[in-house]
Amino acid sequence: MNKRTILSLGASFLSLFAVNSHAAYALNLKTPATEIASQIYGLHMLILWVCVAIFVVVFSLMFYSIVKHRKSVGHKASQFHENHWLEVIWTIIPVIILVGMAYPATKTIIAMKDTSAEEMSIKITGSQWKWAYDYLDQEVKFISTLSTPEDQIQNKAEKGENYLLEVDNPMVVPVGKKIKLLITAQDVIHAWWIPEFGVKQDAIPGFVREIWIKVDKPGVYRGQCAELCGKAHGFMPIVVEAKPEADYQAWIVAQKEAAASADAGSDKEWAQDELITAGKAVYEKNCAVCHGATGAGIPPAFPAMTGSAIVNGPIEGHLDIILNGKNIMPAWKDVLNDVDIAAVIAYERNALGNTVGDSIQPSAVKAAR
Amino acid sequence: MSTTTATHHDDHGHPTGIMRWVASTNHKDIGTLYLWFSFFMFLFAGALALGIRAELFQPGLQFVEPENFNRLTTLHGLIMIFGAIMPAFVGFANWMIPLMIGTSDLAFPRLNNMSFWLMVPAAILLIGSIFVPGGAIAGGWTMYPPLSVQNPSMSVDMSILALHILGVSSIVGSINIITTILNMRAPGMTLMKMPLFVWTWLITAFLLIASMPVLAGALTMLLTDRHFGTSFFDAAGGGDPVLFQHVFWFFGHPEVYIMILPAFGLISTIIPTFARKPLFGYASMVYATAAIALLSFVVWAHHMFTTGMPVAGSLFFMYSTMLISIPTGVKVFNWIATMWRGSMTFETPMLFSIAVVFLFTIGGFSGLVLAILPVDIQLQDTYYVVAHFHYVLFSGAAMSIMGAVYYWLPKWTGHMYDETLGKWHFWLTTIAFNITFFPMHFTGLAGMPRRIPDYALQFAEFNMISSIGAFALGISQLLFLYVVIKCIKGGPKAAANPWEGAEGLEWTVPSPAPFHTFETPPTVK
Amino acid sequence: MSQNTNNYYLPAPSLWPLIASIALFLMAGGFAMQINDITSGNYVLIAGALVFVYLLYGWFKEVIIESISGFYNKQVDTSFRWGMGWFIFSEVMFFAGFFGALFYIRTFALDWMSKSTLVWPNFVATWPTSGPAATEALEAMSPWGLPAINTMILLISGATLTYAHWGLMKNNRKQIIIGLALTIALGAIFLYLQAHEYAEAAFTMDSGIYGSTFYLFTGFHGLHVAMGTIMLAIILYRILKGHFSSHNHFGFEAVAWYWHFVDVVWLFLFVFVYWL
C-alpha cells in the first residue's frame, strides 16, 4: 500500500508539470482592473513577502537546530528556559511589522468605503440563481443567468473556454466613471464578486449595501457568486463588460429599444400555441432549476408542476403565485415581463403532463400587476 | 512520591463488559470512549470529504448532485468540528488532566459520563438526518439564514437540536474540567506549576462555557424563525440575516481557539520531552494563551468583512485580528527556543509536533493575510480560506492529536507502538496533507469560490492534484488505525516512563495506568 | 478496604448518564418530529419528558442520599460551588447573547434598514417596531402596569429568600420555612401574572422583531423562574425533612444563587425589553 501511495503522490507531482504546457491555471490574484484592486494586489504582495521572509528566518533557525542539536550527533541539552530580553524583543518586533501592514491597509479601506461623488448607479439584486441589474438613471433593467449549456456541465459536450463563467446578459459599464453599485438580494444571501475590480459584497435580503467601481480599461471581467445560496450556488456567474463611453451609450439605446418592443408584445393578442411555445423557453430558463425540466420537482422543497393543485386550479391563483411568490417561491413580477409570464402560465397548464386547456393574455397579466 | 495504586485491588468492583463503558465513572474509560468516538467520526467525516474531492477531481458533474455536494460539505464540517476534533481534546483532558495534576478523577465523574453519552444521540440525530425526507442539512456548517430558514427539510431541525445537545455536553464537560483543575490539584501544584496542557484546557474550558450558550441562543432564534413565526433574521419583520452571523461568530471565533489551544498544550508537552530541555518561556506561554483567548471575543466580525460594515467597525475588527498574531508568534518562538540547543531525538510524536509548528505557522500567516480587510475581500469564501483553516485545523489540531496519541499510547496500553509504522504514518500524512491543501492557496487566489460542486477550467489542474492528495491522506489514516490497534494488542512492554526526557506526574504511575490512580494525592515540590 | 472518608468521593458506576442521554434523544427527536407536523412526535416528546423527570428524581435522590450519608468532604463541597458558579456563568452568557442581539437590531440593523430606501421606501427606524413589511400598527407592552408589579415581586422574593437563608444560618426552622414559602409563593404569582400578560398582549410572537424578542426573552426568563420555583419547592421539602444544617446546606445556597441570577436577568429585561 505504501509503495502505491508514493507512486500516486509522485504521479500527482508529475501531472503538475505535465499540464504546464497548456496552462490556463494561475498562482496569484487576477490582474487588477481598478485602482482599488491594484492596491489590494500590492497589499497582498507586501504581506506575502514579509511573511515569507519571517518564515524563512524563523524556520532556518529551527532546521539548523534540528540538524545540529540532535542527540544522534552527541549534542548535550542545555537547560535554559527563559530570557526576558529575547521575549520582549520578539513581542515588540512583530508589533512594529503589524503597524507597517496596518497603515496602507487602513488607507485602502477608507478609499473602498467612500461611495460619494458617483457618476451613475446600478442596483444589483441577487436571487436564486441569477442576478438582476437595474440602471437607476437609465430605466434599463434585465436579468443575467448562466449561459453554459447543460450538456457541458453533464460532460456530454466539450467544455467551452469560459465554462461556468458566461452569462446571457452581461452587465455593461462605461470605463473611467465612478459607478455606485447598490447591492441587495431577494431570497437568501448571495455575494457579488468580480476579482479584477477588488469588489466582493454580500447581497443581503432586505438591506441595500453600497460599493463602487471605476474600471480603468475596456474588457470582459468574470466572477462568481461568493456566498453559499443553495443548490445552484456554483452556477450563477457574474460577467461585466466595460466599454468606452460611446459604445456604452449605444448599448443603452439598444437596450431601451428592445424593452419597448417587448412592451408592445404585451398589448398584442397571442394565440395559445404561440404562448405555449414561448413559455417552454421561459420555463426552462427560470423554473426548471427547481421544478424540474419535466415538471417533477424535488419534493418536499420544490413541488412538482405535474398535477399541481395550483397549476390545475383557477388561473388567477396560478398568476398570483407567479407574480408575488410564496415562501421559497420568489416573486417574478419584477423579473419577467408580461409576455413571459403569460407564456409560462400557458406552458405549465398545457404541458408537463397538465391539460387544463386555458391560458391568459399578456394584457391581463399587465392588468393584474 | 508513592502510588498506592500498584497494589490496589478493585474490591469496590467495577462492572465488566458493556456496563463498564455505559455506566462508567472512571476518567480513563470515559477518555477512551471519547477518543474512539472521535476517531470513528474522523474517519466518517473524512469519507465525506473524499466524496467532495471525488466530485472536484474534474470539472463537470460526475458523482454528486449539487445539493448533495452541499450536504457533503456541511456534514463534513459539522462532524469534523463537533464530532472529531472537540471530542478528541476532551478525551485527552479526561485521560491526562487527573494524571497530570495528581488527582483520582474528575470532579463530577457521573456528569463526565453524561457528557460523553450525550454525544451519541447528537451523532444519531446529525447522521440520521441524512435519511429523512428532504435530505441532510445543506446550508454549510455555519447555517446562515435565510438559506437555513428556507430549507424545509426536517434535517435542519435535527441538526440544530443535535448541536443543542452537543452544547449541553460541552458546557457540562467544561464545568467539570474547570472545576477539576481549580479544585483538585495535588498539594503543592500551584497554578503556575501546572503542565501547559492543563493550562490550555483551563482556558479552553472557559471559552467553551462562555461561547457555547451563545451558539445555543443563535440556534434557538433560528429554530423559532423556522417554526414559530419570529423574525429575528427576516428583514420584512424588522430582523436582519446578518444578526445571525454576528451571534454565530461570537461563538464561532472562540470555537476556533477551542480547537487549537489544547493542541498548543499538547505540542508544549511533547517538544520539551524530545528536546530533553524544559519548555522555554513557560510564563509567557500561559499569558499568550490567555491573551489569545481574550482576543478571541473581540475579533468575530473578521468572518464577515464582505457583509459590508462601516469603516470604524471594519478597522476595529481588522486591528484586533492582526493583534492575535503576536501571542501566537510568541508561542512559535518559544517552541523553537525550546528545541534550540537541546538534545533532540525524532520519535513519531516529535515528528508530528515539529510538523505542527511548521505547518500551523503557514496557516497562521495565511490567517494574517486574511486579517487584512482589503485582501480578505478578494479571498473571503474562496479556496484560500479552505486552505487556511485546514492548515490550522488539520495540521494544527488533528496532527497534534495524532502526535499526542503516539506520545501517550505507551501509558494507555502498556505497550510501545510500532515506531517504523508510526513514522510511515507521519510522512504519508504530512506529504499527502500538503499535496491536498497547498494548491488550494493558488486556486483561492485565482478566484475559485468554496462550496461549489463544479468549477471553471483554469482551476482544473490544482483541483486534480488536491483530489489525489486527499485520497492518499484518507488512506494513510487507515494505517493510523492499524498502528493503534496493533499497539493495544501487544508490543514491547512500556516502562512507567518510556521517554527519556518526559517530565510530569503521569509518568510516575505504571504503564498501563492502573484503573485507579492518585487516590491519595501525591505531593508536588 | 472501605471508602476512606478523607478521600474525594468517587461514585460507583451509574446508569443515570445513559438515561439522561436517552431522555434528551427522545425529547429532541420528538420535538423535531412535532414541529415538522409528524404527530407521533408528541408521544416521543412526552416519553422523553417522562424519562427526564424520572432521571431528575432518581439522580438527585441518589446525590441527596450520598450527601446525607456524609460521603462528601469539604473538597467535594468546593467542587459543587465551583460547578454551580460556572453553570450560572454559562446561563449569563446565554442571556447575554440575546441582549446583544437586541442591541444590534435596535442600534444598527433598523437604522441600516431605514437607509435601504430602494427596498423599503417608507420605513422609518423606531422602536418598538414590527418591521417594514408590517401592515398593522404595533401596540407595545407598557412597562408601568404588570411588568412593574412583577419587578417588585421578584425584588421582594430575593429579600424573602435571604431572610430564609439567615434563618438557616441561625437554625431557626420557622424563619426558614416562612421565608422559603413566601419566596415560592411570590415566584408562582410572578408566573401567573406573566401568563396573564401574555394572554392580554395585543401582539404575538410573529408580530415582527418586537414580538420575537419580547416573547423569546421573557419566555426563556419565565422558564427559568419556573425551574427556580420548582427547585425552591424541593428545597422546602428537604428543609421539612431536616436535610440541611447551619454549616452544611449547599443545596439551598445553589438554588438561592440561581434565584438571584434570575432576578438580575429580569431587571435587565425590564429595562431593555419593557421600558427603554
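What you see is a predicted model; the values in this text were computed from it and never measured.

*Asks:* Now, about the side chain of A:Gln138: what can you tell me, with residues and values included?
*Replies:* Residues and elements named next belong to chain A. Turning to its location among the elements, glutamine 138 is positioned in the loop between strand S2 (130-135) and strand S3 (140-144). Polar side-chain contacts of glutamine 138 include one of 3.3 Å to the side chain of lysine 256. Each residue touching glutamine 138, except ones within four places of it in the same chain, is listed here: Tyr248, Ile252 and Lys256.

*Asks:* I'd like to hear about the interface of chain A and chain C, residue by residue, with values.
*Replies:* Listed by partner, the interface residues are eight residues for chain A and seven residues for chain C. The contact between chain A and chain C buries some 620 Å² in all, and 74% of this surface belongs to carbon and sulfur atoms. For chain A, the biggest contributors to the area lost against chain C are A:Gly206, A:Phe207 and A:Val208; these three give 66% of the whole. One can count zero salt bridges joining chain A with chain C. Looking at the side of chain A that touches chain C residue by residue, the class counts come to four nonpolar, two polar and two charged.

*Asks:* Would you mind going over the sheet that holds strand S5 (residues 179-185) of chain A in detail, with residue names and values included?
*Replies:* All names here are of chain A. What the five strands build is an open sheet, ordered S3-S2-S1-S5-S8; its pairing is mixed. In this open sheet, the two edge strands, each paired with only one partner strand, are S3 and strand S8 (209-213). Adjacent strand axes in the sheet meet at a mean angle of 20 degrees, parallel and antiparallel pairs treated alike. Two elements, strand S1 (residues 120-127) and S5, share seven bridges in a ladder whose sense is parallel. The residue of S5 that forms the bridge with threonine 125 is threonine 184.

*Asks:* Describe in detail helix H6 (residues 154-183) of chain B, supporting the description with residues and values.
*Replies:* In this model H6(B) runs 43 Å from its N-terminal to its C-terminal C-alpha over 30 residues, within 8% of the 44 Å that 1.5 Å per residue would give. In terms of burial, H6(B) is largely enclosed, as 27 of its 30 residues are buried.

*Asks:* Requested: an account of the pattern of salt bridges, with residues and values cited.
*Replies:* Summed over the entire model, instances satisfying the criterion amount to 19 salt bridges over all chains. Where salt bridges share partners, they join A:Lys71, B:Arg276 and B:Glu500 into one cluster.

*Asks:* Explain the side chain of B:Asn94 residue by residue, including any values.
*Replies:* All names here are of chain B. Here asparagine 94 shows up in helix H3 (residues 66-101). The exposure class assigned to asparagine 94 is buried, which follows from its relative accessible area of 1%. Aside from chain neighbours lying at most four places away, what touches asparagine 94 is His27, Ile30, Gly31, Tyr34, Leu106 and Asn112.

*Asks:* Help me get a handle on the interface of chain B and chain A, residues and values and all.
*Replies:* The partner chain A presents 102 residues to the 105 residues of chain B that form the contact. With both chains or domains summed, chain B and chain A bury close to 9000 Å², and 72% of this area falls on carbon and sulfur atoms. Along the contact surface separating chain B from chain A lie one salt bridge. A:Lys71 is the partner of B:Glu500 in a salt bridge, and the nearest nitrogen-oxygen pair spans 2.6 Å. Looking at the side of chain B that touches chain A element by element, the count peaks at nine residues for helix H12 (residues 325-339) of chain B. Residues that form the side of chain B that touches chain A fall into these classes: 67 nonpolar, 26 polar and 12 charged.

The rules behind the values
- Residues numbered from 1 in each chain as written.
- Chains lettered and ligands numbered in written order.
- Predicted model: local features only at pLDDT ≥ 70, side-chain atom pairs only at ≥ 80, totals over all residues.
- Heavy atoms only, no water.
- Helix = DSSP H or I, 4+ residues; strand = E, 2+ residues; numbered from the N terminus.
- Polar contact = N/O pair within 3.5 Å; in protein donor to acceptor, adjacent residues only side chain to side chain.
- Contact = heavy atoms within 4.5 Å.
- Buried area = accessible area lost by both parts, 1.4 Å probe.
- Salt bridge = Lys/Arg side-chain N within 4 Å of Asp/Glu carboxyl O.
- Nonpolar A, V, L, I, M, F, W, Y, C, P; charged D, E, K, R; others polar.
- Pairing = 2+ DSSP bridges.
- Axes fitted to C-alpha atoms, helices over the stretch in contact; angles between N-to-C directions.
- Expected span 1.5 Å × (residues − 1).
- Buried < 20%, exposed > 50% of the residue type's maximum accessible area, 1.4 Å probe, protein only.

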